[in-house]
Amino acid sequence: MASLTGKTALVTGASRGIGRAIALRLAGDGAVVAVHYGSNESAAAATVSEIEVAGGEAFPVRAQLGVDGDVDELFDGLEKGLAGRPLDILVNNAAISTSEATIEAATRDQFDREFAINVRAPFFITQRALPLIRDGGHIINISSGVTWFATPQIVYSMTKGALNVMGRALALAVGERGITVNNVSPGVTDTDMNSWLHDSEEASEGVKQIVALKRVGQAAEIADAVAFFAGNDSRWVTGQTLDVNGGLWLGRGVVQ
């Protein structure tokens, strides 16, 4: 089903993981996708190639986020690739997580870098994108379950909480243009960021015990939710955060 035929999309951090799955799904639904990447050019090229082999259209856009000039570099490449076309869908997905950034050990540099990439970049990317986005467009932010359950990586959790707040406020600000803004909050998903899932059999088994559907999530399942928010079926949904986590931490199982 080519529900996004004639539409264009920018997905940040689209060379790997959840971002890559989102790019593949939106392209599969007919959108022309700008595949943003920071440094892994070969991974971005592989994502673009997979889209093209499947009959879709995509182009890579390089910009190292969190540094001076990042938004200018991103939009120079984006506007060149769009070649005069407007933007319909923006997916703010790019983010980093520093395992050492706990309340005891986080450094100022770690704190500043995570906020620069996870919060400042999506804010100013969105600001710059709004004149390009057609009325009736869609903005989707990739959040995280760590906004409602606690982990030691407090800095990362704080950045995702800020992104949720941005989504709600932005939905109100652009509502009169018919632009929807929603957050998708993944649970434990099998990506490079969660490579610890493959460190031992106990790691993935432990996750299964706290998920109602008894398995680890897949990146394509997060992309499915993004595709809903990127299409017309979600036209009356805005300012919301959708948990896509297989029933993470719903409670204790049946006691025998």
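The preceding data block contains the structure.
Our focus in this paragraph is the side chain of H138. Along the chain, H138 turns up in strand 5 (residues 133-142). Given a relative accessible area of 9%, H138 falls into the buried group. Within the structure, H138 has its side chain in polar contact with the side chain of T180 (distance 2.7 Å). For H138, the residues in contact, after removing those within four places along its chain, are D88, I89, L90, I179, T180, F229, A230, G231 and S234.

So, on to a nonpolar patch on the surface. A surface patch of nonpolar side chains, about 360 Å² in accessible area, is lined by I103, F111, I154 and M158. Here M158 shows up in helix 5 (residues 154-174).

Examined bridge by bridge, strand 2 (residues 32-37) and strand 3 (residues 57-62) share six bridges and lie parallel to one another. Bridge assignment links Y37 to a residue of strand 3, and that residue is R62.

Our focus in this paragraph is the pairing of strand 1 (residues 8-11). By the alternation rule, side chains of strand 1 split into T8 and L10 and A9 and V11, which are all buried. With four bridges joining them, strand 1 and strand 2 adopt parallel strand pairing. Across the sheet, the residue bridging to A9 is V33, located in strand 2. Handedness of the β-α-β unit built from strand 1, helix 1 (residues 17-28) and strand 2 comes out right-handed. Alignment of strand 1 against strand 4 (residues 87-92), held across three bridges, turns out to be parallel. Paired with V11 across the two strands is V91, which belongs to strand 4.

The strand order across the open sheet built from seven strands is 3-2-1-4-5-6-7, with neighbouring strands paired in parallel fashion. The open sheet has two edge strands with one neighbour each: strand 3 and strand 7 (240-244). Taking each pair of neighbouring strands and ignoring which way they run, the sheet shows an average axis angle of 20°. Pairing of strand 4 with strand 5 involves five bridges; the strand directions are parallel. Looking at strand 5, one finds that I89 is bridged to H138. Against the sheet, helix 3 (residues 70-82) makes contact with strand 1, strand 2 and strand 3, and its axis sits at roughly 155° relative to strand 3, the strand it touches most. Where helix 4 (residues 108-129) meets the sheet, it contacts strand 1, strand 4 and strand 5, and its direction lies at approximately 175° from that of strand 4.

Taking 1.5 Å per residue as the helical rise, helix 7 (residues 219-230) with its 12 residues ought to reach 16 Å, and the 16 Å between its terminal C-alpha atoms agrees with that figure. Within helix 7 the residues assigned to the buried category are A219, I222, A223, A225, V226, A227, F229 and A230. Where the residues of helix 7 are buried, they touch helix 1, strand 4, strand 5, strand 6 (180-186) and strand 7.

Attention now goes to the side chain of D88. Looking at where D88 falls in the secondary structure, it is placed in strand 4. On the basis of relative accessibility, which here comes to 5%, the residue D88 falls in the buried class. At 2.9 Å, the side chain of D88 forms a polar contact with the backbone nitrogen of T8. Within polar-contact distance, the side chain of D88 engages the side chain of R134 at 2.8 Å. Discounting chain neighbours no more than four positions away, the residues touching D88 are G6, K7, T8, I133, R134, G137 and H138.

Take the environment of W236 next. For W236, the location among the structural elements is in the loop between helix 7 and strand 7. For W236 and G178, which are 58 residues apart along the polypeptide, the C-alpha to C-alpha distance reads 9.4 Å.

The next subject is unusual backbone geometry. We note that A83 has phi near 50°; this positive angle belongs to a residue other than glycine. Tracing the sequence through the fold places A83 in the loop between helix 3 and strand 4. Its identity is not glycine, yet W249 carries a phi of approximately 55°, on the positive side. Mapped onto the fold, W249 is located in the segment after strand 7.

Conventions and cut-offs
- Sequence positions are assigned chain by chain, starting from 1 and proceeding in written order.
- Restriction of local features to residues with pLDDT of at least 70 applies here, the model being predicted, together with a cutoff of 80 or more for giving and counting side-chain atom pairs; totals for whole chains, interfaces and linings are based on all residues.
- Excluded from the side-chain calculation are hydrogens and water; included are all heavy atoms of the structure.
- Helix and strand definitions here come from DSSP, where helices need a minimum of 4 consecutive H or I residues and strands a minimum of 2 consecutive E residues; each element is numbered from the N-terminal end.
- Relative accessible area decides the class of each residue, using a 1.4 Å probe on protein chains only: under 20% of the type maximum gives buried, over 50% gives exposed, and in between gives partly exposed.
- Polar contacts, as used here, are pairs of N or O atoms within 3.5 Å; protein pairs need one atom able to donate a hydrogen and one able to accept it. Residues neighboring in sequence count only if both atoms are side-chain atoms.
- The contact criterion used is simple: two residues touch if any of their non-hydrogen atoms lie within 4.5 Å.
- Patch membership requires more than 30% relative accessible area and the absence of a salt bridge. Residues of like charge join within 9 Å; the nonpolar side chains Val, Leu, Ile, Met, Phe, Trp and Tyr join within 5 Å.
- Residue burial considers only the protein chains on display, and all accessible areas are found by Shrake-Rupley using a 1.4 Å probe.
- Each reported salt bridge corresponds to a side-chain nitrogen of Lys or Arg within 4 Å of a carboxyl oxygen of Asp or Glu.
- Here a strand pair is declared whenever DSSP counts at least two bridges between the two strands.
- Note on handedness: a crossover is taken as right-handed if, strands pointing away from the viewer, the path from the first strand over the helix to the second is clockwise.
- Axes, fitted as lines to C-alpha atoms, cover a helix only where it is in contact. Angles between the N-to-C directions of the axes lie from 0 to 180 degrees.
- Expected span of a helix, by definition, is 1.5 Å for each gap between consecutive residues, and there is one gap fewer than residues.

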